[in-house]
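# Residue-level structural notes
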Amino acid sequence: MYPYFRLAKEIFKFRKAPRLGIFDAHVSTHICWPWDIDPWRELNNGRTLTLYDLGRVPLGLRAGLHEVVRRNGWGMAIAGNSLRYRKRVTVFQRVTIHSRCIGWDHRFIYIEQSMWRGADCTSHMLARSAFTSKQGIVPPGKVLAAMGLSPESPALPGWVQDWIDADAGRPWPPER
């Protein structure tokens, strides 16, 4: 089950936190609970994605994205991600998640997230998110302009552009 109470706690916890600029980082701390682990007694890979949600949602709230999305009747959806795991997270360990926007292109906004246990990075994720409407994808530049910001993104880092290019070459639909 999705951890709605944990999400509500994060939203409540950061409801009066200072506003973030579009490229500022949101930092949050979480505990790996027994219901987050897999049969190997470590943080489940699916739950890792969910914990990253708990960092990404407050980031959007603090940056003002949710106000603009709600006002215009748009939605937000994850449209892809690449996640690199490097260190185990086991039950009752505390992790810190750093979440930040790193730019956008004509279709997606790109968010970088990392999970830390002390000085060790346990995982790192690049996510692309789409703003949606009944007509389809809303260009991120239009969303940023609605926020009163420049619709132009800074150049995406080379490793992000490499991922975008590699994913564009992936066949769709996949073979059965």
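Here goes a summary of the coordinates provided.

Each helix and strand in the protein chain was counted, giving 5 helices and 6 strands. Counting from the amino terminus, helix and strand elements in the protein chain follow one another as α-β-α-α-β-β-β-β-β-α-α. In terms of C-alpha radius of gyration, the protein chain reaches 17 Å, essentially the compact-globule figure of 16 Å for 176 residues. Sorting the 176 residues of the protein chain into buried and exposed places 41% on the buried side. Contacts in the protein chain between residues at least 24 apart in sequence constitute 70% of all its contacts with a sequence separation of at least 6.

Applying the stated rule across the entire model yields 9 salt bridges. Linking Glu42 and Arg88 is a salt bridge whose minimum nitrogen-to-oxygen distance equals 2.5 Å. On the criterion of sequence distance, the pair formed by Glu42 in the loop between β1 (26-31) and α2 (45-63) and Arg88 in the loop between β2 (75-85) and β3 (94-104) is long-range, its members being 46 residues apart. For Asp167, the salt bridge goes to Arg128, with nearest N and O atoms at 2.7 Å.

Turning our eyes to something else, we now look at the packing of aromatic side chains. Tallied over the full model, the rule gives 5 aromatic pairs. Judged by centre distance (5.8 Å) and plane angle (20°), the ring pair of Trp33 and Trp35 falls under stacked. Among the residues examined, Trp33 registers a relative accessible area of 29% and is labelled partly exposed. Given a relative accessible area of 58%, Trp35 falls into the exposed group. Plain terms: the ring middles of Trp33 and Phe92 are 6.2 Å apart, the flat faces sit at 90° to each other, and that makes the pair edge-to-face. Separated by 59 residues along the polypeptide, Trp33 in the loop between β1 and α2 and Phe92 in the loop between β2 and β3 bring together distant segments of the chain. Linked through ring pairs, Trp33, Trp35 and Phe92 together constitute an aromatic cluster. A cation over a ring is seen here: Arg15 above Phe12, with NZ or CZ 3.7 Å from the ring centre.

Attention now moves to the environment of Ser150. Within the fold, Ser150 resides in the loop between α4 (140-146) and α5 (158-168). With a relative accessible area of 44%, Ser150 lands in the partly exposed category. For Ser150, the residues in contact, after removing those within four places along its chain, are Trp104 and Leu144. In this structure the side chain of Ser150 is engaged in a polar contact, spanning 3.2 Å, whose partner is the backbone nitrogen of Glu152.

Quick look at α5 now. All of the buried residues along α5 are Val160, Trp163, Ile164 and Asp167. Seen along its axis, α5 keeps its buried residues to an arc of 100°; they face one direction. α5 presents Asp162 and Ala166 as exposed residues on the side facing more than 90 degrees away from its buried surface. Among the structural elements, β2, β3, β4 (109-117) and β5 (120-133) are those in contact with the buried residues of α5.

Next up on the list: helix α3 (residues 65-72). Looking at α3, one finds that the buried residues are Leu65, Val68 and Val69. Along the axis of α3, the buried residues cluster in a sector spanning 100°; they form a single face. Set apart from the buried face of α3 by more than 90 degrees, the exposed residues are Arg70 and Arg71. The inward-facing, buried residues of α3 contact α2, β2, β5 and α4. One or two residues past the end of α3 sits Gly73, with phi positive at roughly 70°.

Calculation criteria
- Residues numbered from 1 in each chain as written.
- Predicted model: local features only at pLDDT ≥ 70, side-chain atom pairs only at ≥ 80, totals over all residues.
- Heavy atoms only, no water.
- Helix = DSSP H or I, 4+ residues; strand = E, 2+ residues; numbered from the N terminus.
- Rg over C-alpha atoms; globule rule 2.2 N^0.38 Å.
- Buried < 20%, exposed > 50% of the residue type's maximum accessible area, 1.4 Å probe, protein only.
- Contact = heavy atoms within 4.5 Å.
- Salt bridge = Lys/Arg side-chain N within 4 Å of Asp/Glu carboxyl O.
- Phe/Tyr/Trp six-rings, centres within 6.5 Å; stacked < 30°, edge-to-face > 60°.
- Lys NZ or Arg CZ within 6 Å of the ring centre and 35° of its normal.
- Polar contact = N/O pair within 3.5 Å; in protein donor to acceptor, adjacent residues only side chain to side chain.
- Arc of directions from axis to C-beta.

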